[in-house]
Amino acid sequence: MAHPNERDLDGTANPRKFFGSELRRLREAAGLKQGPLGKLVFVSPQYISHLETAFRTPNDLEFVQRLDDALSADGHLVRVYRMAERTEEESQLADYFAAVAALEPTAQRIDWYGAALIPGLIQTQEYAEEITRASGPFRTNEEIAELVAARIKRADTLHNPTGPKLLVILDEAALRRPIGGPKVMRGQLSHVSDVIRARRAVVQVLPYSAGAHPLLSGQLIIMRFADTPPLAYIEGPHGGQVMDKQETLDACMLSYDLARASALSPEASLTLLESVTEEYTR
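Overview of the structure. (Residues numbered from 1 in each chain as written. Predicted model: local features only at pLDDT ≥ 70, side-chain atom pairs only at ≥ 80, totals over all residues. Heavy atoms only, no water.)

1. Here's the deal with the overall build of the chain
Step number 1: Each helix and strand in the chain was counted, giving 12 helices and 6 strands.
Step number 2: Relative to the compact-globule value of 19 Å for 282 residues, the chain shows a C-alpha radius of gyration of 21 Å, a close match.
Step number 3: When burial is assessed residue by residue, the chain has 49% of its 282 residues classed as buried.
Step number 4: For the chain, contacts bridging at least 24 residues in sequence account for 70% of all contacts bridging at least 6. (Helix = DSSP H or I, 4+ residues; strand = E, 2+ residues; numbered from the N terminus. Rg over C-alpha atoms; globule rule 2.2 N^0.38 Å. Buried < 20%, exposed > 50% of the residue type's maximum accessible area, 1.4 Å probe, protein only. Contact = heavy atoms within 4.5 Å.)

2. Things to note about helix H10 (residues 182-197)
Step number 1: The end-to-end C-alpha distance of H10 is 22 Å, a good match for the 22 Å that 16 residues give at a rise of 1.5 Å each.
Step number 2: Turning to H10, its buried residues number three or more, namely Val184, Met185, Gln188, Leu189, Val192, Ser193, Val195 and Ile196.
Step number 3: Contacts made by the buried residues of H10 are with helix H7 (125-135), helix H9 (172-176), strand E3 (201-206) and helix H12 (266-279).
Step number 4: Arg199 sits one or two positions beyond H10 and adopts a positive phi of about 60°. (Expected span 1.5 Å × (residues − 1).)

3. A word on helix H1 (residues 15-29)
Step number 1: When the terminal C-alpha atoms of H1 are compared, their 21 Å separation across 15 residues agrees well with the 21 Å that a helix rising 1.5 Å per residue should span.
Step number 2: Note on H1: the residue one or two positions beyond its end, Gly31, has a positive phi of about 70°.

4. Regarding the nonpolar core
Step number 1: Of all hydrophobic cores here, the largest spans 42 residues; its most connected members are Ile110, Ile118, Leu166, Leu175, Leu189 and Met223.
Step number 2: Contacts of Met223, omitting those with residues within four sequence positions, involve Val100, Leu103, Glu104, Ala107, Arg109, Ile110, Pro230 and Leu231.
Step number 3: Counting residues in hydrophobic clusters, the runner-up holds 18 residues, among them Phe63, Val64, Ala73 and Leu77. (Core = buried A, V, L, I, M, F, W, Y, C linked by side-chain atoms within 4.5 Å.)

5. Things to note about unusual backbone geometry
Step number 1: A positive phi is found at Ser72, a non-glycine position, where the angle reads about 50°.
Step number 2: One can find Ser72 in the loop between helix H4 (61-70) and helix H5 (76-86).
Step number 3: At Arg199, a position not held by glycine, the phi torsion is positive, near 60°.
Step number 4: Turning to its location among the elements, Arg199 is positioned in the loop between H10 and E3.
Step number 5: Judged by relative accessible area, which is 77%, Arg199 ranks as exposed.

6. A short note on the pairing of strand E4 (residues 219-224)
Step number 1: In terms of residue burial, E4 counts as a mostly covered element, since 5 of its 6 residues are buried.
Step number 2: Relative to strand E5 (residues 231-236), E4 runs antiparallel, the two sharing 5 bridges. Residue Ile221 lies in a different strand from E5, and its bridge partner there is Tyr233.
Step number 3: In this antiparallel pair of consecutive strands, E4 and E5, the connection spans 6 residues. (Pairing = 2+ DSSP bridges.)

7. Focus on the packing of H10 against H12
Step number 1: Closest axis-to-axis distance for the H10/H12 pair is 9 Å, and the angle between their directions is 155°. Taken as axis vectors, H10 and H12 run roughly antiparallel relative to one another. Of the two elements, H10 crosses H12, and the hand of that crossing is left-handed. Contacts between H10 and H12 involve Arg186, Leu189, Ser190, Val192, Ser193, Ile196 and Arg197 from the former and Leu270, Leu273, Glu274, Val276 and Thr277 from the latter.
Step number 2: Tallied by class, the residues present in the contact of H10 with H12 amount to 6 nonpolar, 3 polar and 3 charged. (Axes fitted to C-alpha atoms, helices over the stretch in contact; angles between N-to-C directions. Parallel < 35°, antiparallel > 145°, perpendicular 65-115°, else oblique. Left-handed = near helix turned anticlockwise from the far one by under 90°. Nonpolar A, V, L, I, M, F, W, Y, C, P; charged D, E, K, R; others polar.)

8. Remarks on the side chain of Thr132
Step number 1: Examined against the element boundaries, Thr132 turns out to sit in helix H7.
Step number 2: A relative accessible area of 6% places Thr132 in the buried class.
Step number 3: Within the structure, the side chain of Thr132 is placed 2.7 Å from the backbone oxygen of Ala128, a separation counted as a polar contact.
Step number 4: In contact with Thr132, other than residues within four places in its own chain, are Arg139, Ile144, Leu147 and Val148. (Polar contact = N/O pair within 3.5 Å; in protein donor to acceptor, adjacent residues only side chain to side chain.)

Written out as structure tokens, the structure reads:
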């Protein structure tokens, strides 16, 4: 997978990408590399790279104004940013999640609420096949195999000693819904137990008894990085959205923390997980 720096950016694709291409154009016209520009506006070179390739958008207008001043852009970047803020043209799941998946290996920590599904990073091949087939019933076997292989490959990041710390909240529904039947679920839940025991993830189950909680409406992923601001990703049946505005991030983090407060402890979660696994053997 190419690093964002190595990707060509089509600035005509949409306003977000136009902002990134204009930032790069102005930086190069000023004779600045990403590192020196980052120092001028107090961010890392990696964050400048993410902005230029539209993997990220600026957190707020104040930061864009600092960029504009540093590049003597006379308000041009501010105007482009305001235009990009108003658009929702990039709200499709495929576009957004491609960026999220690409950033996973660079994260220091990933908080993941799985709703009714086991998160992709800890799915088995058989479980992933069932999910992929159900979400796209007209896909060919070759298309399904390609999508599943890409999803399973993402799990490699958990084996990397410098990879992200993964914290997962699983709704009890994800354990109880028999996706693919007893054999597939037995293998999937056993795999989650193995991941826990190998200390590659901390998993907590949000039991039915918890009742209503702030994350009932769908999946939430929060990614934290060493030298760039965090981001959140929410997903529905046919689309997803990356959010990196501070106010929205704060709300997402609070919702995640409140849901985790209602979840079982990691030890009790493993006990329930293994108990449900046994139920699939009967």
